[in-house]
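Residue strings, one per chain:
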Amino acid sequence: MRAIDDEERRARLAARHLLLPSTRIDDVPGIADALVALHSTDPPTVYLSAMVRMVHPSIAAVEQALYVDRQLIRHHAMRRTLWVATPPVARRMHAAATLALVEPERRRTRQMLAANGVADPEAWLAEAERLVLADLRQHGPSTARAVGERLPALRQPLQLAPGKSYAAIQGAHTRVLALLGFAGLMLRTRPSSWINGAYAYAAAEDWLPGGLGGEDPRVAAAELAGHWLRRFGPGTTTDLAWWMGWPLRTTRQSLADCGAVEVELAAGLGWLAPDDEPVSAAEPWVAVLPGLDPTTMGWKQRDWYLPAAAVDAFDSVGNGGPTLWVDGRIVGAWAQTRDGEIHTHYFERVPAARRAEIDARIAAVKAMIGGSRFTVRFPGNIHARILD
């Protein structure tokens, strides 16, 4: 069995995730494919994850790919998370991960409707879905508010978490839009700005010719597992199960179906794609990555790139905040202040020359952001202390 040490894993990460200066490209869909997909739970992540890997970083170029050329599609998939991916990958994600969410979400919605006084939740929901889709097809991309204004009968108030400190009221039409998204019948389109998550919604086939349907779930799962191995491998069964949000049975089946090859890692048994090719030793490199960057979030077992001293770069449930990297290891974290400055914290001693390289990348990130200010939705535990 081939053995792959942590140094080789870090070299693979650098080259395959386009983090070396020599690997940067301006092909935004190509960047998404190099990472399988871009995390989109926090809207700025999509832009920053792409731009730190570009030769000529440009918010406009990312928007062009997302909303004009539609070479990237935003969709709920793995771990119930919002992602941005190329259409072929989005279709695999939908079949391999999203479809399994549809019935649990429909059941939850029916229960909410019943608890809020709807006598026949199933009939109400079926009619609501029909009306919302017809409305989107007639009017084109629309915000949830606009849909609710045009279909006032669907603004049935739903009490969320009654009796809890975080209780809220949501219009039922918002839940209907979410369900149509899980079913692959609706897609999220352009919001008001690149840092905003208030998306407009469109009927899937109106936005993306052919929509999201049609892939066989098992075939799609094998293709997606193979894609992940080619970009993130080697990885463990635990890594892939976590990344996909799959049960172990599905994970093992998909590894077998894609022909994954066993290798020995410091963490135990790992897997490579059958067509995997070796990488050369990486040149020295640094990176300034946004919160939820795919590289930060790519594995469940992180000891080989996350030193024990740097665990506070993540929150209590494993979401990674904005990070500083040196030669394949997380060595620090960063945060944007209200006045637009970027403050840093180092978890370990970093030589002055390498800190100067990081400072240069921070200056580049500031230039990418320009005058925009945003709040990180999933900061690491260290984040608040950086801003103190």
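Higher on the page you've got the structure.
Notes on the structure follow. Since the structure is predicted, the reported quantities are computational estimates derived from the model, not experimental observations.

**A look at the pattern of salt bridges**
Thinking step 1. Taken as a whole, this structure holds 23 salt bridges when the rule is applied.
Thinking step 2. Two residues, Arg 12 and Glu 8, come together in a salt bridge whose shortest N-O distance is 3.4 Å. One end of the pair, Arg 12, and the other, Glu 8, are both in helix α1 (residues 6–16), 4 residues apart, so they sit about a helical turn from each other.
Thinking step 3. Classification of Arg 12 as buried rests on a relative accessible area of 2%.

**A look at the nonpolar core**
Taken as a class, soluble globular proteins show a tendency for nonpolar side chains to be buried jointly.
Thinking step 1. Counting residues in each nonpolar core, the largest one holds 100 residues, and the members touching the most others are Tyr 47, Val 62, Met 78, Met 93, Met 244 and Ile 358.
Thinking step 2. At 8 residues, helix α10 (residues 217–232) tops the list of elements feeding residues into this core.
Thinking step 3. Within the second largest apolar cluster, 22 residues are counted, among which are Trp 124, Leu 125, Val 132 and Leu 133.

**Section: the sheet that holds strand β10 (residues 268–272)**
Thinking step 1. A sheet is described by the order of its strands in space; here 3 strands give the open sequence β1-β9-β10, paired in mixed fashion. A single partner strand is all that each edge strand has here, and the edge strands are β1 (2–3) and β10.

**Describing the packing of aromatic side chains**
Thinking step 1. Under the definition given, this model contains 12 aromatic pairs.
Thinking step 2. Ring centres of Trp 228 and Phe 232 lie 5.9 Å apart, and the angle between their planes is 5°; this geometry places the pair in the stacked category. Placement of both Trp 228 and Phe 232 in helix α10 is noted, with a separation of 4 residues, approximately one turn of the helix.
Thinking step 3. In this structure Trp 228 comes out as buried when scored by relative accessible area, which is 0%.
Thinking step 4. A relative accessible area of 2% places Phe 232 in the buried class.

About the cut-offs
Residues numbered from 1 in each chain as written. Predicted model: local features only at pLDDT ≥ 70, side-chain atom pairs only at ≥ 80, totals over all residues. Heavy atoms only, no water. Salt bridge = Lys/Arg side-chain N within 4 Å of Asp/Glu carboxyl O. Helix = DSSP H or I, 4+ residues; strand = E, 2+ residues; numbered from the N terminus. Buried < 20%, exposed > 50% of the residue type's maximum accessible area, 1.4 Å probe, protein only. Core = buried A, V, L, I, M, F, W, Y, C linked by side-chain atoms within 4.5 Å. Pairing = 2+ DSSP bridges. Phe/Tyr/Trp six-rings, centres within 6.5 Å; stacked < 30°, edge-to-face > 60°.

Nothing here speaks to function; it is geometry throughout.
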